[in-house]
Structure formats: structure tokens, C-alpha cells
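Inside the fold
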Amino acid sequence: MPKPCDFTPRDRAWQPPALTLENRTSVARSPRLALHPLQNTLSELTGPVFHNSEIGAHDHDLLRNFARPGESPIGERINLHGRVSDENGRPVAHSLVELWQANAGGRYRHVNDSYLAPGDPNFGGCGRTLTDADGRYCFHTVKPGAYPWQNWAPHWRPAHIHLSVFGAGMAQRLITQCYFEGDPLIAKCPIVNAVPCQTGRDRLVASLDLEASGSFDHIAYRFDIVLRGRAETPFENRPEGS
Amino acid sequence: MAYSGDKEKETPSQTAGPYVHIGLASSAAGFEIYDKTFGQDIAGPHAEGERIRVHGQVTDGDGAALTDVMIELWQANAQGRYAHPAGGGPVEPGFRGWGRAMSDFDTGEWVFDTVKPGAVDGQAPHISFWLVARGINIGLHTRMYFSDDAALHAQDPIMASIEPALRRATLIATRSDEDTVPIYRFDIRLQGHGETVFFDV
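Keep in mind that what you see is a predicted model, and the values were worked out from it rather than measured.

The helix and strand inventory of chain A stands at three helices and twelve strands. Radius of gyration (C-alpha) of chain A: 19 Å, near the 18 Å computed for a compact globule of 242 residues. The dimensions of chain A, computed from C-alpha atoms along their principal axes, are 60 × 45 × 35 Å. Looking at chain A as a whole, 55% of its 242 residues qualify as buried. Of the contacts made within chain A by residues no fewer than 6 positions apart, 72% connect residues no fewer than 24 positions apart. Put simply, chain A shows about 10,400 Å² of open surface, and 57% of that area lies on carbon and sulfur atoms. Charged side chains in chain A number 25 positive and 26 negative. The centres of these two groups are separated by 6 Å.

Here it is in C-alpha cells:
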């Protein structure tokens, strides 16, 4: 198989910078020196491959994947679905999507979370799936609750779901967070506001999708994800120093 | 083709936050959920080559070790092939070449076991690292090279492109042969003196 085409450069002015003073933790965890440009090699153009046989039948269904038999988690039942494509508009097929979130009260199932909202014995808070041939994915879950965190001052995180996406090569690797249309906490969140422009911040908000809700047992939200695209042709002969 | 060709911008990144383990390594969060956890077995039982252990810490600008960092690693097998359709050829059954390492909640030490990769595409043997954590707004890419390959480093095009040259040492893990398996120490510094080289890939 020939070498895949290079990924197009990441637009660093569009993505959050390493240092965002509004978020206290980024101050000591942000590199101060310039990133070193690295022309893609096979090491960046490739990445792990996952198969449907490795994914359990209910891994994508957070209403069931941790619940006791006959029970289900408390909260507003939602269906989070969307399409993973690249910047060229091509579907990102058969790609691993993993998510994690707090329960409906804003509490995570994590040894380090001590927020006073109660745990939900029927909710693990994680799921995973592979996109289909058209790049589509779907999770069943409950809408997470907002919760407080200590920044420079106490802040509230808007309800959000963390998503991790692979693509075809490690250079496309992305972790993001999805918020919910209409939440007044979004505009006040220092983590959301790490994204420099409003157009970018809007892209992190899942839209209410009543038409996709179908049966009357959940509300659907749509969240599309775009990964880096590829140059149109393989670029084997590079000018010196590029 | 039906694709519009219109350039849509990449989805903006957001920090993985302190609870990344829930989604990507639930046993570290304190529970089991999936039949098969991804990222724990990197090389598989049939991989050829030298079995090695890699460990280290990720430290911040204050010199404090991160206790909530997740590292993903990606590497070729001993023949320099990746487990990918365009990876250069077949690999041993069970070899994925990808894994996840979570830092210890108390000490910040992380560790993984694998095989030493071969040279890839004219580059010296290396393992690609991708780091996410609370306070890291977009995943950081770096590479780990091996201290016993010094002669190859001089020929490596990526290594050679790094200026000033003294920063190249931040990418080299130090080998120790005092245990039953070779152990490489690779400490990553996010900021300040000896800041690790991070790549815009």
C-alpha cells in the first residue's frame, strides 16, 4: 500500500493555545517554547486500528452497560449521535469513539471525585463505539449534570460529555467536550473559552434534534465531529528544510 | 464523488480533564466495565525483538509530577512495521503497537511494557507519545528515542531538524540493564528548564 497523503496542518489560531490564563491549571502545564514543526512520517500518518469484534454489544449504551438487571440510571434519557468526517468532508469510517461523563447529578464514578452529589449505582459513565461506513456514531445515555470546580475562583462546568476520537493516524487524534444547546453556563466557562473564536466555541455545542428523537423515550442531540483533512496528493519529494 | 470538497474546520480540542480514566482506562478510575480494555497490551505475546520496560514522570513548570496525565504511545514492531493497513507490511498476531499509560495518583510515575521498535522509514527507532491531562488544552505530541542508538540519532531527519541541538537530548530515554529486562527512563518536562520538545505534527 502506498504511503497515505499527509494531513493538512493544524490551524493553531483556531485551536486553544496551551496557555489560557483564565484556566489556572494551564499556567504550569503549558509548554513555553514553540512547537517544533514535524513533517508527517509513517509514525504520524498511521494509528491503531480497532475492530467491531472487540466492542461489546452494549458498550455504546450507558443506560445499560453498567446498570443492574431490570434497572437503569436516573436522569434525562438522551441519544447523542452525529457524524465524524474530516476537513475534506469525507466520512471517518470504522474509527473508535469513546466518551465519558458525570451522572445526572454532576458526580463522576471516579476515585478522585468527592463532589457531594450522590453516585448512581446504575451508571458507569463511559461508552465506546466504532463509526459506521458513513462515519456515524450513536450513544444512549443520560444528560449529565453541571458541577463546581475550583479555578481562580469557584466555577460551574456546564453539562458536558468528553469525547475521544482516533481517525486514521495519530496526527488526527482528538479529545474534545460536547455541551448542550441552550445552557447558560457555556458562555461563562473558562474551559469553553479556551477556544479563541465564537465560531469554534459554537462547534462544541450539540444541537437539539427533536426529529431524530423518534420514539418517546429519549431526546436526541446531534454532535458532528471534524478531524484534520488530508492533502490532495502524496508529497514524497519535499523541498529542502520543509 | 459526492463530497463537496468544502473545507470544514477541525473540531476544537478541549482538555481531557482530571477524570479521563473513566472513559479511557476505567480500572484506574476504580471500576471495570468492558470485557476488553483497550491499551493495556501493546506488543502481544508473539512479538519478536527485545522486551523492554519504559517508565518516567511528566513534570510541570514548578517541577511537580503530574498525577493525572494520560499518555498514549504508538510504535512500530521490531521490523519497523506499524499495525496499520499502510504500516509497511504484516506484523505479528496480537501486535497492536499502541497503548495507554496512566500516571500514579500519588507519585506521578507511569510505566508500560513493550518491545523495542525497529527503525522506520529512515528514522531511528522511536515511540510516538501523545499526552493529555487537566490543564492541557490540546494533546501534546512528542517522541521517545533510545540512548543505545546514539549512532542512528545522528542520521535521523527529525532529530537533526531540532535546533538548538541541545534540546535533542530531551527526547532520549536512558537505558538501564540492572534488572531482568532493560528499563528505559523517559521524563517529560512540560515547561521550564529542560522543556521537552513537543511537535506540531
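Turning our eyes to something else, we now look at the environment of V195(A). Secondary-structure assignment places V195(A) in the loop between β9 (174–180) and α3 (198–202). In this structure V195(A) comes out as buried when scored by relative accessible area, which is 0%. For the pair V195(A) and Q15(A), spaced 180 residues apart in sequence, the C-alpha to C-alpha distance is 6.0 Å. For V195(A), the contacting residues outside a window of four places in its chain are W14(A), P16(A), G200(A), R201(A), L204(A), P12(B), S13(B) and Q14(B).

Looking now at the layout of surface pockets. Size it by volume and the second largest pocket reaches roughly 510 Å³. Forming the walls of the second largest pocket are 26 residues, and the residues nearest its centre are A93(A), G167(A), A168(A), R230(A) and H84(B). Here the residues of the lining of the second largest pocket are counted per class, giving 16 nonpolar, six polar and four charged.

It is worth spelling out unusual backbone geometry at this point. Residues and elements named next belong to chain B. For the bond running from E163 to P164, omega is -5 degrees, close enough to zero to count as cis. The residue P164 is located in the loop between α4 (157–161) and β8 (172–176) in this model. Notably, D121 is not glycine yet its phi reads approximately 55 degrees, a positive angle. Along the chain, D121 turns up in the loop between β5 (110–115) and β6 (126–132). Relative accessible area serves as the criterion here: at 54%, D121 is assigned to the exposed category.

This part covers empty space enclosed by the protein. Going through the model one piece at a time under the given rule, you end up with four cavities of 30 Å³ or more. Of the voids in this model, the largest cavity is the one considered here, and its volume is about 80 Å³. Lining the largest cavity we find 13 residues, and of these E44(A), S128(B), H141(B), T142(B) and V201(B) sit closest to its centre. Of all elements in the fold, only α2 (42–45) of chain A together with β6 and β7 (140–146) of chain B reach the threshold of two or more residues within the lining of the largest cavity. For the lining of the largest cavity, the per-class residue count stands at seven nonpolar, four polar and two charged.

This part takes up the interface of chain B and chain A. Chain B puts 75 residues into the contact, and the matching count from chain A is 90 residues. Interface area, chain B with chain A, both sides summed: about 7,400 Å², of which 57% is carbon and sulfur. The largest per-residue losses of area from chain B upon contact with chain A belong to E10(B), Q14(B) and Y19(B), which jointly make up 12% of the total buried on that side. If you look at where chain B meets chain A, you find nine salt bridges. For D11(A), the salt bridge goes to K9(B), with nearest N and O atoms at 2.4 Å. Remark: the boundary between chain B and chain A carries 50 residue pairs in polar contact (both at pLDDT 80 or more). Those elements that place two or more of their residues in the side of chain B that touches chain A are α1 (20–24), α2 (26–29), β3 (70–75), β4 (98–102), β6, β7, α4 and β11 (199–200) of chain B. Among the elements that line the side of chain B that touches chain A, the one with the most residues is α1(B), at five residues. Here the side of chain B that touches chain A is composed, by residue class, of 36 nonpolar, 20 polar and 19 charged. Both strand β1 (residues 36–37) of chain A and β11(B) contribute to a ladder of two bridges, which runs parallel.

Rules used throughout
- Residues numbered from 1 in each chain as written.
- Chains lettered and ligands numbered in written order.
- Predicted model: local features only at pLDDT ≥ 70, side-chain atom pairs only at ≥ 80, totals over all residues.
- Heavy atoms only, no water.
- Helix = DSSP H or I, 4+ residues; strand = E, 2+ residues; numbered from the N terminus.
- Rg over C-alpha atoms; globule rule 2.2 N^0.38 Å.
- Buried < 20%, exposed > 50% of the residue type's maximum accessible area, 1.4 Å probe, protein only.
- Contact = heavy atoms within 4.5 Å.
- Areas by Shrake-Rupley, 256 points an atom, 1.4 Å probe, with all protein chains shown as cover.
- Lys, Arg positive; Asp, Glu negative; His and termini not counted.
- Charge placed at Lys NZ, Arg CZ, Asp CG, Glu CD.
- 1 Å grid on protein atoms, 1.4 Å probe; cavity = no way out; pocket = protein on both sides within 12 Å on 5 of 7 lines; lining within 4 Å.
- Points joined across faces, edges and corners; volume = space filled by probe spheres on them.
- Nonpolar A, V, L, I, M, F, W, Y, C, P; charged D, E, K, R; others polar.
- Buried area = accessible area lost by both parts, 1.4 Å probe.
- Salt bridge = Lys/Arg side-chain N within 4 Å of Asp/Glu carboxyl O.
- Polar contact = N/O pair within 3.5 Å; in protein donor to acceptor, adjacent residues only side chain to side chain.
- Pairing = 2+ DSSP bridges.

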